[in-house]
Amino acid sequence: MKKLILFLCLFVTAVFAGESVPKNIIFFIGDGMGLPQVTAGKVAKGSLEMERCPVTGFATTWSASSLVTDSAAAATALSTGVKTGNGMLGVSPDDHPLQNVIEAAEKRGKSTGVAVVCSLTHATPAGFIVHVPSRKMDPEIAQQIAASDVDVLFGGGLDYFDLPELQKKMTVALTAEEFRSLGTPKKAAAILYPVHPPYAAERSVSLKELTQKAIEILAQDKDGFFLMVEGSQIDWAGHKNDGPNVVSEVVDFDDAVGAGLDFAEKNGKTLVIITADHETGGFALLDGSVENKAVDKTGFVHGGHTAAMAPVFAFGPGSSVFSGIHDNTDIGKTMIRFIQTSEK
Ligand code: MG
Ligand code: ZN
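On a predicted model such as this, the values are computed, not experimentally measured, just so you know. (Residues numbered from 1 in each chain as written. Chains lettered and ligands numbered in written order. Predicted model: local features only at pLDDT ≥ 70, side-chain atom pairs only at ≥ 80, totals over all residues. Heavy atoms only, no water.)

Peer 1: Tell me about the overall build of the protein, and please be specific about residues and values.
Peer 2: Assigned secondary structure in the protein consists of 12 helices and 14 strands. On C-alpha atoms alone, the protein measures out to a radius of gyration of 19 Å, which is about the 20 Å that the 2.2 N^0.38 rule sets for 344 residues. A principal-axis box enclosing the C-alpha atoms of the protein has dimensions of 65 × 55 × 45 Å. Burial analysis of the protein (344 residues in total) assigns 56% to the buried set. (Helix = DSSP H or I, 4+ residues; strand = E, 2+ residues; numbered from the N terminus. Rg over C-alpha atoms; globule rule 2.2 N^0.38 Å. Buried < 20%, exposed > 50% of the residue type's maximum accessible area, 1.4 Å probe, protein only.)

Pasting the structure below:
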């Protein structure tokens, strides 16, 4: 009898493991984080939090207009499951608004948030919230973000926002001190810089802290949540062909990934996905030491993006579908499908 019960338990577990749909999704984007950037982070750190993910894969990143995507078209692909032209945010190539994963989550009664280390109006976070034909429309992008139902907005870009309007909707922190005394309001913004934050070493609040606080706030919702976290400046260091800052931004991003995985491990109903929107620089790791955790020599092909496939890491219910090679739009489509069929 005991054996029969054990068998039934294993059988039921196996069936549910095959079809499991997460209640919460934490989606990490390392902007410009190709496989060489991940490798450099591993050399510098010894082992990465990302390595806790049992599932790995790759994603092609080209856009509707170019073999080499920009961050706007890539964010749109990842958030809506549809390819658009470079520079376009949340709209099709012919400028029709596309439903994104945050809107799907809101429709399902879930809480939503973004936590980034750039202006909230920048391409990656904006691509998860707004619908505009050009990423250069910062004031319009800020208006659409402020008018959205997103519950947690952590990043920079205060110059673009109508602060009194935003304060009517949510608790707003403008300094590190205010951020640390936010508590757990249902809706919160932390807009800690006039435009963009500096590099990791100079930031008053780390991406890991932003991630932990965002999860703490969003996890209060019994219906579940969707959170997008971006390591925004791996890309910027790549554009500048600045190897040391590529490494420190990957390390900072990976620390934040650890916070997401800590929550997911305890929670059991949370899918964590980590990927990049594209590779930046044609980055190469040329010399260093594993023993000394040293990246001594790096190189770059140029100061722009490349078309290399992005690495994908996944953990938790639903993670197995991310194994193998997919297109970046498949990630967006899958997240929306999970949200629409998930437990509330
Ligand atoms: Mg970005
Ligand atoms: Zn870039």
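Peer 1: How would you summarise the coordination of the zinc ion (ligand 2) if you had to cite specific residues and measurements?
Peer 2: Looking at the zinc ion (ligand 2), the protein donor atoms are Asp 235 (OD), Asp 235 (OD), His 239 (NE2) and His 305 (NE2), and they sit 2.0 to 2.3 Å from it. In this structure, the zinc ion (ligand 2) is coordinated by four donor atoms arranged in irregular fashion, with angles at the metal of 59 to 153°. Considered as a linear motif, the donors of the zinc ion (ligand 2) on their single chain read D-x3-H-x65-H. With His 239 in helix α10 (residues 234-239) and His 305 in strand β12 (residues 305-306), this residue pair connects regions lying 66 residues apart in the sequence. (Donors = N, O, S within 2.8 Å, 3.2 Å for Na, K, Ca; no water. Tetrahedral: all angles 85-135°; square planar, octahedral: opposite > 155°, others 65-115°.)

Peer 1: Summarise the pattern of salt bridges; cite the residues concerned and give the values.
Peer 2: For the coordinates displayed, the defined rule picks out 14 salt bridges. The structure contains a network of salt bridges with shared partners spanning Glu 49, Arg 52, Asp 262 and Glu 265. (Salt bridge = Lys/Arg side-chain N within 4 Å of Asp/Glu carboxyl O.)

Peer 1: Account for the environment of Ile 129, naming residues and giving values.
Peer 2: Residue position: Ile 129 is located in the loop between α5 (123-126) and α6 (138-147). Ignoring any residue separated from it by four or fewer positions in sequence, one finds Ile 129 in contact with Asn 100, Ile 102, Glu 103, Val 114, Ile 145, Ser 148, Val 150 and Leu 153. (Contact = heavy atoms within 4.5 Å.)

Peer 1: Would you mind going over the coordination of the magnesium ion (ligand 1) in detail, with residue names and values included?
Peer 2: Here the magnesium ion (ligand 1) is held by Asp 31 (OD), Thr 124 (OG1) and Glu 230 (OE), and the distances to it run 2.0 to 2.2 Å. Spacing between the donor residues of the magnesium ion (ligand 1) along the chain follows D-x92-T-x105-E. Separated by 93 residues along the polypeptide, Asp 31 in the loop between β1 (24-30) and α2 (35-45) and Thr 124 in helix α5 bring together distant segments of the chain. Pair check on accessibility: Asp 31 and Thr 124 agree, each one buried.

Peer 1: So what's going on with the layout of surface pockets? Which residues, and what values?
Peer 2: Within this model, the largest pocket holds a volume of roughly 170 Å³. Contributing to the lining of the largest pocket are 13 residues, with Ile 102, Glu 103, Ile 129, Ser 148 and Asp 149 lying nearest its centre. Of all the elements, helix α4 (residues 101-107) adds the most residues to the lining of the largest pocket, at three residues. Its residues placed into classes, the lining of the largest pocket shows six nonpolar, four polar and three charged. (1 Å grid on protein atoms, 1.4 Å probe; cavity = no way out; pocket = protein on both sides within 12 Å on 5 of 7 lines; lining within 4 Å. Points joined across faces, edges and corners; volume = space filled by probe spheres on them. Nonpolar A, V, L, I, M, F, W, Y, C, P; charged D, E, K, R; others polar.)

Peer 1: Can you lay out the side chain of His 305 for me, pointing to particular residues and giving the numbers?
Peer 2: Take His 305: its relative accessible area is 13%, and that puts it in the buried class. In terms of polar contacts, His 305 uses its side chain to reach the backbone carbonyl oxygen of Thr 69, at 2.9 Å. Ignoring any residue separated from it by four or fewer positions in sequence, one finds His 305 in contact with Val 68, Thr 69, Asp 70, Ser 71, Asp 235, His 239, His 278, Glu 279, Thr 280 and Gly 281. (Polar contact = N/O pair within 3.5 Å; in protein donor to acceptor, adjacent residues only side chain to side chain.)

Peer 1: Give a description of the side chain of Ser 148 that names residues and reports values.
Peer 2: Its place among the elements puts Ser 148 in the loop between α6 and β4 (152-156). Owing to a relative accessible area of 13%, Ser 148 belongs among the buried residues under this scheme. A polar contact of 3.3 Å, which involves the side chain of Ser 148, links it to the backbone nitrogen of Val 150. Residues within four places of Ser 148 in sequence aside, it is in contact with Ile 129 and Lys 169.

Peer 1: Any chance you could break down the sheet that holds strand β3 (residues 111-119) for me, citing the residues and the numbers?
Peer 2: Read from one edge of the open sheet, 10 strands run β5-β6-β4-β3-β7-β1-β8-β13-β2-β14, paired in mixed fashion. Both outer strands of the open sheet, β5 (171-173) and β14 (324-327), are each paired with one neighbouring strand and no more. On average, each strand axis in the sheet is inclined to that of its neighbour by 15°, with strand direction left out of account. Sheet topology note: the strand β8 (residues 270-276)/strand β13 (residues 310-315) ladder contains four bridges and is antiparallel. Across the sheet, the residue bridging to Thr 275 is Val 312, located in β13. (Pairing = 2+ DSSP bridges. Axes fitted to C-alpha atoms, helices over the stretch in contact; angles between N-to-C directions.)

Peer 1: Describe helix α12 (residues 328-341), with residues and values.
Peer 2: When the terminal C-alpha atoms of α12 are compared, their 21 Å separation across 14 residues agrees well with the 20 Å that a helix rising 1.5 Å per residue should span. Taken together, the buried positions of α12 are Asn 328, Thr 329, Ile 331, Gly 332, Thr 334, Met 335, Ile 336, Phe 338 and Ile 339. (Expected span 1.5 Å × (residues − 1).)

Peer 1: Report on the pairing of strand β10 (residues 284-289), specifying residues and quantitative values.
Peer 2: In this sheet, strand β11 (residues 294-299) lies alongside β10 in antiparallel orientation, the contact comprising five bridges. Paired with Ser 289 across the bridge in β11 is Ala 294. Between β10 and β11, which pair antiparallel in sequence order, lie four residues; one of them, Lys 293, sits at a positive phi of approximately 50°.

Peer 1: Describe the confidence of the model for the protein, listing the residues and the values that go with them.
Peer 2: Mean pLDDT over the protein works out to 95, with 94% of the residues at or above the 70 mark. Averaged pLDDT values for the elements of the protein fall to 51 in helix α1 (residues 2-19) and rise to 99 in β1. Throughout residues 10-18 the model reports pLDDT below 50, and contacts reaching past four residues in sequence, or to other chains, amount to zero contacts. (pLDDT = per-residue confidence, 0-100.)

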